[in-house]
Structures are given as C-alpha cells and as structure tokens.
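For reference, the chains in residue letters:
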Amino acid sequence: IRLGTAQQIKERHNFQWIIDILLLGGFLIMALYHIVLYLLRPDDRSTLYFAALTGIFAVRILVTGNVYFTILFPKVAWEWLYTVELLTLTLGPPLFMLLLLSLYQGLLWKPIQYLIYGVGALFGLAAIFLPARISSYLVTPNQIILLVTLICCITILCRALKRKESGAGIILGGFGFLFLTVFHDILNANKFFYNIQLAAFGWFALIISQSFVLSLRFSNAFKTAEKLTGELKERNIALSRLNRLKD
C-alpha cells in the first residue's frame, strides 16, 4: 500500500507504466532478434534459450504488477493469469541452466543439471494441472530453486573465467547483477520490505552484457575470416610464382 496525494499516486502509476512499457518493448525486440539469430545459425542454441528467457520476462511484465494483460483482455480468469505467472517462475531455472551450458559446456556436475531440469518440469506440470489454491504453495520452493540455479550459473561462469573462456567475465558481471535483483525481488515478495521489482532491470543488464559478448564474437570471427583470406591470397600468389618457375 502506497500513501500520498491523488497527484502523487497518479505520477507514480504513470512512471511505472512508462518503465514497464519500455522494458516490454525492449524485451520483445530482443527476443525477436535472438530468434532470427537462431534461425540463421541453428547450431548455436544459446540464442534460442536467450530468446525464451527474454520472452518469459516480457510475459511477467504483462501478468504481474499492474497486470497489463487484463487491460487487453479484461474477461480473462484470474486463475489462468496466476498459472501463467507461476509458469514463468518454474521455467526460469531450467532455461538459465540450458543457456549457460550451451555457452560453456562441461563445467557443472551433470546430476545437478538433471535435478534442476526434473524439478522445473515437475513444478511446471503442477502449475498447469493443479488449482491455484494448491499450486500457490510452490512459489517459495520455486524461488529457492531459482536462487540455487543462479548460484550454479555464477559457478559455471567463474570456472569459465578461470579457463579464460571468451566473454565469461562480461557475462559474469551481468549474471551477478541479475542475481542481486532477483534476490531483492524474492525478499520483496516475501514482505521483508516494500520496493519496486528489479529483476527486469537485472535481465536487461544481462541482455546488454550478452549483446556485447555477441558483438565481440562477430568481430573476432570477421578478423579471423580476414586473416584466413589474406593467408589464402599469399599462398595463391606463391603457388602462381612456383608454377611460372616450373614453366
């Protein structure tokens, strides 16, 4: 509950509306961008997982907070909205794990991976088929699983950084900030304090870090292609000179 004059409450609501719409638009654009990248390079599944996670954050903006989805569809059932909100929470941990392991393979004990996948699938099915009055008890376990998964992701990135993997340090910074914002929102949801939701900003920071790493990879690939092209030209010239000498 927020106290203030009618004008103050209206200004806060309008400010939150603007921020949410900007984030929603940004997430939808980035999700589409990464889907296109996946279609261009199906072998790189990290872009597909990134698009899925970005889509999840976009959906959460629509079904949480000011619940903008009810503006578009005012007759939608509350229980359906709650199921969608819970699904965005249960699908997060498996997708985070898939994303990190598609970028840096072999850096986490496989039983932990399978445990996160299994729990995510189980909680997802429970969210779909159980009524809201029962599935609501899954919120806290889901929050714990999410935090544990993010810690595992940070562990993967630390190991990747130790191995001097490309872009690991930049993505680690983004994931670290995301972890702090998610932890903040979980405390906020459990009424330890009252504040705005920050996880969307954490994901936006990770988008920026991932986009920077993606740009570095494209730049390195272009430099490698130029280097190989130059070497090929030199070898062709040398081969041409050798053929002239033989003639």
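The present account deals with the structure reproduced in this document. (Residues numbered from 1 in each chain as written. Predicted model: local features only at pLDDT ≥ 70, side-chain atom pairs only at ≥ 80, totals over all residues. Heavy atoms only, no water.)

**So, the layout of surface pockets**
To keep things clear, this is the line we draw: Residues are called lining when one of their atoms sits within 4 Å of a cavity or pocket point, these points coming from a 1 Å grid over the protein atoms alone, where a cavity is a set in which a 1.4 Å probe fits but cannot get out and a pocket is an open set with protein on both sides within 12 Å along at least five of seven lines. Grid points are joined across faces, edges and corners, and a volume is the space filled by probe spheres set on the points. Helix numbering and strand numbering both begin at the N terminus, where a helix is a DSSP run of H or I of at least 4 residues and a strand a DSSP run of E of at least 2. Put simply, Ala, Val, Leu, Ile, Met, Phe, Trp, Tyr, Cys and Pro go in the nonpolar bin, Asp, Glu, Lys and Arg in the charged bin, and everything else, Gly too, in the polar bin.
By volume, the largest pocket is sized at about 1,600 Å³. Around the largest pocket, the lining is made up of 44 residues, and of these Thr-64, Gly-65, Asn-188, Ile-196 and Gln-197 lie nearest the centre. Looking at the lining of the largest pocket, the elements with two or more residues in it are helix H1 (6-40), helix H2 (46-63), helix H4 (78-103), helix H7 (139-162), helix H8 (168-189) and helix H9 (199-246). If one sorts the elements of the lining of the largest pocket by residue count, H1 sits on top with eight residues. In the lining of the largest pocket, the residues fall into 25 nonpolar, 12 polar and seven charged.

**A look at the side chain of Ser-135**
Let me state the cut-off plainly: Contact criterion: two residues are considered in contact whenever any of their non-hydrogen atoms come within 4.5 Å of each other.
Take Ser-135: it is sitting in helix H6 (residues 132-135). The residues touching Ser-135, leaving out its near neighbours within four places in the chain, are Tyr-82, Leu-86, Ala-126, Ala-127 and Leu-130.

**What about the side chain of Gln-143?**
The condition that has to hold: Note on exposure labels: buried denotes an accessible area under 20% of the residue type's maximum, exposed denotes more than 50%, and partly exposed covers the range between, all computed with a 1.4 Å probe on protein chains only.
Here Gln-143 is to be found in helix H7. For Gln-143, a relative accessible area of 10% translates into the label buried. Dropping the residues within four chain positions of it, Gln-143 is found in contact with Leu-89, Ile-186, Ala-189 and Asn-190.

The quantities given are spatial measurements derived from coordinates; they are silent on function.
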